[in-house]
Every structure is written in structure tokens, then in C-alpha cells.
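The residues making up each chain are set out below.
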Amino acid sequence: MAEHDIDVAAYFARIGYSGPPDATLETLTELVAAHGRCIPFENLDPLLGVPVVDLGPTALGDKLIRRRRGGYCYEHNNLMRYVLQHLGFEVDALVARVVWMSTHGLDGPPTAEDHQALAVRIPDVDDVFLVDIGFGGQTLSSPIRLVAGVIQQTRHEPYRLQTYGRGYVLEALVRDVWQPLYTFTNEPRPLIDLKVGSWYASTNPESPFVTGLTAALVTDDARWNLRGRNLARHSRSKTERTRFDTAAQVLDALTDTFKIDVSGLGDVEARVAEVLDS
């Protein structure tokens, strides 16, 4: 199978997309929204000791489309990359250093380049667009132009890019404060760099994907975030929080709220219970 070959019809069915398969900004925007509604961010494989190293279209199509699972940044964004390339978009893979929710933010020591995003070019359009459907609870819900110094409205919060070093920092307006999410350059990265980053993120014993449970989904009117036993629903007007007492309740949320098929994962409830009690 060629790198960009993917069962696009199955992907469209998975995300409920029935629009035209044209390489336009409208199509790109609708695909990002539909993907965010239907395919959750989740880290069950790293949590269960399963490294995420195969980022090819067959493996990602099997997991995220056929088996109705979710994944993290390398899985979401590479699946989208294959789909967009199939449709006629030009797409480069980018890597980033995450500073969101870190203790020192931009002032601390550099973090690993273990996040992936996409730079997307549309035929006959001068602008390049940043697409990132794999940043969990604060993921971009719309494409934004890859240009610094402009506030850009998404389906949810405003975002902006600022110049930083040799590249950019992506910021989101969260509770009326501009919060830095990650830094990156627009240097395209080959698949081997993505595999190395994914292996590191999914096997490093200090990685939050190995040591804790997280899931996220971006609907039209809310952001759903699960961290351990804590579930939050962030809407434009309020935040609602639920704290689960047991691993069984957390599993119910994974299947009912995030629509994750956890069958065939072994004793996932025992592993969830283990990290909840750690």
C-alpha cells in the first residue's frame, strides 16, 4: 500500500462526512470538525504497554476506522494526512515541543519534540494552514492560517501564532488568558522522525501516556476531557465536572461518552484501576 493510500469511503463513514471530496478549504474545515466529533483522543495502548510504532495507513485505518478506537497525535494527524493527500491536498508533517500545562511554560528547559501537527496546502490557494486534530482537550477545532500575529477564530476558542525562535508558538485564549500550547517550526519531517517520536511518547516510563489515562472529544458545543477519574465538559458558558469512584465507571465513560470500543484490550479495567490508585 502506498503511503497515502487509505480507505477514504470508510473514513468518511466513520466520521459521518457526506460532503464533496474536493481539495478545498471548505472540505478541510468540515473534515477537521467531523473527525473531532467522532474519533476520540485516547492513550489506551501506551497505558496497556502497547507501543505505537506503526503509523502507516493500514495500521491506522484498522485501529481508528475499522476497530472504532481513538489514538493520540501521531495516529490522528497521520490518518488525516493520508486522507488529505488522497484528496489532492499537499501535506507536510511537523513536530512540536509541548509547553501546555507545564510548570515553567516557555521559560523552562526544552521539552522533547514528541507532538505532531500538519501543514496543509490547498491547490490554487496561497495560504498554508495549520491542522492539528491530535492535541487532546485543547486541540484545534478548525484549520488556521500558518501566519504569525493574527487572532484566528476556530469553532471554539480564538487561537493565534506568535513568532518564537526560528518558528512559532501556538496559543489559545483560555479563560481570557493567552496560553502557550506548543512551539514548532515549519520544517517538514519524514515518517522515521514521527516513528521515533511516537515510540518515545508511548514507551518512556515517565510519559503521561504510559502513566495515566486521558481521553478527549471535541463536539460542536463542548470539549469533553477525561483525566484519570475526572471528567470535564467545557462549554462556552460553563464547565461541568464529574469524579468517578471506580474503574468500572471510568470504563463506562470511555464507551458511552467517548464511544471507544475497548473490546479485545485484555483486562483494561484492572490497568485503569491501577493508575487511578497510584
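Heads up: the structure comes first, above all this text.
All values derive from a computational prediction rather than experimental measurement.

Participant: Hey, could you run me through the packing of aromatic side chains in this one?
Facilitator: Geometry of an aromatic ring pair is reported as the spacing of the ring centres plus the angle between the planes. As enumerated under the stated definition, the model contains 8 aromatic pairs in all. Plain terms: the ring middles of Tyr 11 and Phe 12 are 6.3 Å apart, the flat faces sit at 50° to each other, and that makes the pair tilted. Assessed through its relative accessible area of 0%, Tyr 11 is described here as buried. Summarising the aromatic geometry, the rings of Tyr 72 and Phe 209 are spaced 5.1 Å apart at their centres and angled 75° between planes, so their arrangement reads as edge-to-face. Here Tyr 72, found in the loop between helix H4 (57-66) and helix H5 (73-87), pairs with Phe 209, found in helix H7 (residues 208-211); they are 137 residues apart in sequence, far enough to count as distant. For the pair Tyr 72 and Phe 209, one class covers both residues: buried. Linked through ring pairs, Phe 41, Tyr 72, Tyr 74 and Phe 209 together constitute an aromatic cluster.

Participant: Can you walk me through the sheet that holds strand E9 (residues 177-184) in this structure?
Facilitator: Strand pairing in a sheet relies on backbone hydrogen bonds, with the paired strands running either antiparallel or parallel. Here we have 8 strands laid out as an open sheet, ordered E5-E4-E3-E2-E9-E8-E7-E6, and antiparallel in their pairing. Whereas interior strands pair on both sides, the edge strands pair on one side only; in this sheet they are strand E5 (144-145) and strand E6 (151-153).

Participant: Would you mind going over the environment of Ala 117 with me for this structure?
Facilitator: As for its placement among the helices and strands, Ala 117 is situated in strand E3 (residues 115-121). On a C-alpha basis, the gap between Ala 117 and Leu 265 in space is 28 Å, while along the polypeptide they are 148 residues apart. With residues near it in sequence (within four places) discarded, Ala 117 still touches Asn 77, Asp 92, Ala 93, Leu 94, Leu 130, Val 131, Asp 132 and Tyr 182.

About the criteria used
Residues numbered from 1 in each chain as written. Predicted model: local features only at pLDDT ≥ 70, side-chain atom pairs only at ≥ 80, totals over all residues. Heavy atoms only, no water. Phe/Tyr/Trp six-rings, centres within 6.5 Å; stacked < 30°, edge-to-face > 60°. Buried < 20%, exposed > 50% of the residue type's maximum accessible area, 1.4 Å probe, protein only. Helix = DSSP H or I, 4+ residues; strand = E, 2+ residues; numbered from the N terminus. Pairing = 2+ DSSP bridges. Contact = heavy atoms within 4.5 Å.

This is a description of form; function is not addressed.
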